[in-house]
Amino acid sequence: MEKQDAPKPAKGCSTCTKRRIRCDGSRPTCLKCEKKGLKCPGYGPRLRWADGVAVRGKLKGRRVPLAQPTTALAHARATAAPADQMQLMLASAPDILQTTLSNSLPQLIEYYDKNLAGLMVWVDSAENDYRRTVLPRVMNTPGLRLAVAAFASHHGSSRFQHAMELFPEAARDACLSMIHTRVHDMTSRVTDGAELDSKTDIADAEWMLACILMIACYEMSNSQSSAAEGHRLAARTLVNVFGTKQGYNNGLFAFLRNQLAIYDVLVSTTSFSLEDIRNTIMPTPGSKNVLFSDYLTYLHQVTLASRYPSPMPEEVYAAIREIDFAPNFIRTKFTQARGATLLAAGRLGIEKATMRKDFTRLVDVYHYAAVLYSYRCLGYATSDNLDWQSTVAKLFEQLVCFEHPSVCIQNLPWPVFVAGTECWGNEQRQQTVRKLLGTILEATSFRHYEGVLSFLNAFWAGGQPDWRPLAHDLQLKGFRILVV
């Protein structure tokens, strides 16, 4: 795909800015970063929030949102852009943005409903609150309107012709600006002694969290993994600030928190930042909104045990000290999680027998992938472990057996990635992984999967059968593997 020339943003990408050179502004990423082999973070503002806990004064011990604007957002507010760049900012072109939004909104909502809401959950069903609860609020919630517009207009770009150039970016920037403004208002109220537990506060937290998760998906569909990471951390902070308050652990906020937990746990499996892993959002205890709750909990315990050197921080040790990580126990623990998932799945009301079979295959695929991930990370992926070898074979067998793959295609990236990490030296299986990732990319249009395949190709071409050293090295250089 050729780079497209575009009106330059008010500020170039942050990589060029740090290098103190003029960014060329090419889309979706700049050519100067590409030529230097650097990961271009793209353009536009991102949310970076301090997960603040006051240590003195009348707010001592209390969590405060403490929104921190990125340099790009601060710059956009402080300076006026040239006339040919004004369309990128809501403040400089409100009329054309709002006109474009008003003219396209019904079609964008329909597109999100039919093509995107199902991609944002593990298993799409009548209980999908993106469709059931978020969409009905779009018309009366400006932030949600902008988030849906940004994601849908970019993902469905071949279907929509907008009078405003770069409309998805403008809608995204306007949405993030609204969130930033609302967080500042909340911070001021907390400083004045408010508890942020009114119905209005809960509704605000819900629309902000929904927007951040949508914008993260927008960034991934635009191959901007680093931007998606920034939004994930902002969503995490929002959950940490509000998740302990009364009124936030049910309804839409609980659903969104649990969707973030799925995202967070899986992303942590490819992270080597100890702080990132330690602060992962977990499913709400006893929640009915996460089918794979037991599975995710144990998977993250494996990640903690494998990443942290001894002596572990007390809070990390407390989370895993009663867990046995011997090979037999790993298999038993994930087998129990598999059974719990299949029991909980009964409430989905899957009527067609073939669909039920595919759901069982999906559960099995995640079961085998988790066992393999655990064996690899804990040092059990060795030639004398016959269960490791047989589990690799079972995973590949199940990955190609889905009768209706389109129903669960959005959930296959992580197990396909694990399969890719366990086929070093096996060209036939590598080709199977390439084909599966190609199918996933075609079905979802999430272009960040191209980066996943690039990583696997580099890993397969190397001389190390363990994927982790390469992934760790690339993360230190700014490249993140997002298999969600």
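Since the model is a prediction, treat every value here as computed from it, not as a measurement.

1. Quick notes on the nonpolar core
The nonpolar side chains of a soluble globular protein tend to be buried with one another. The biggest cluster of nonpolar side chains holds 140 residues, and the ones touching the most others in it are Y112, Y130, Y295 and W414. Broken down by element, the residue count for this core peaks at 15 residues, all from helix α8 (residues 199-221). Apart from the residues lying within four places of it in its own chain, the contact partners of W414 are L266, T269, Y295, L299, Y366, A369, A370, Y373 and V483. Core analysis: the second largest hydrophobic core is formed by six residues, C16, C23, C30 and C40 among them.

2. Let's talk about the packing of helix α12 (residues 293-307) against helix α15 (residues 353-377)
Interaxial distance between α12 and α15 falls to 10 Å at its minimum, and their mutual angle equals 15°. Considered as vectors, α12 and α15 are oriented roughly parallel to each other. By crossing handedness, the relation of α12 to α15 is classed as left-handed. When α12 is examined against α15, the residues Y295, L299, V302, T303, S306 and R307 are found in contact with a partner set consisting of Y366, H367, A370, Y373, S374 and C377. Split into classes, the residues belonging to the contact of α12 with α15 amount to seven nonpolar, four polar and one charged.

3. Considerations on the pattern of salt bridges
In this structure the tally under the stated criterion is 26 salt bridges. D264 is the partner of R232 in a salt bridge, and the nearest nitrogen-oxygen pair spans 2.4 Å. Of this pair, R232 sits in helix α9 (residues 225-242) while D264 sits in helix α10 (residues 251-268); the two residues are 32 residues apart in sequence, bridging distant segments of the chain. D264 gets classed as buried once you look at its relative accessible area, which sits at 0%. R331 is the salt-bridge partner of D387, the closest N and O atoms lying 2.8 Å from each other.

Conventions and cut-offs
Residues numbered from 1 in each chain as written. Predicted model: local features only at pLDDT ≥ 70, side-chain atom pairs only at ≥ 80, totals over all residues. Heavy atoms only, no water. Core = buried A, V, L, I, M, F, W, Y, C linked by side-chain atoms within 4.5 Å. Buried < 20%, exposed > 50% of the residue type's maximum accessible area, 1.4 Å probe, protein only. Helix = DSSP H or I, 4+ residues; strand = E, 2+ residues; numbered from the N terminus. Contact = heavy atoms within 4.5 Å. Axes fitted to C-alpha atoms, helices over the stretch in contact; angles between N-to-C directions. Parallel < 35°, antiparallel > 145°, perpendicular 65-115°, else oblique. Left-handed = near helix turned anticlockwise from the far one by under 90°. Nonpolar A, V, L, I, M, F, W, Y, C, P; charged D, E, K, R; others polar. Salt bridge = Lys/Arg side-chain N within 4 Å of Asp/Glu carboxyl O.

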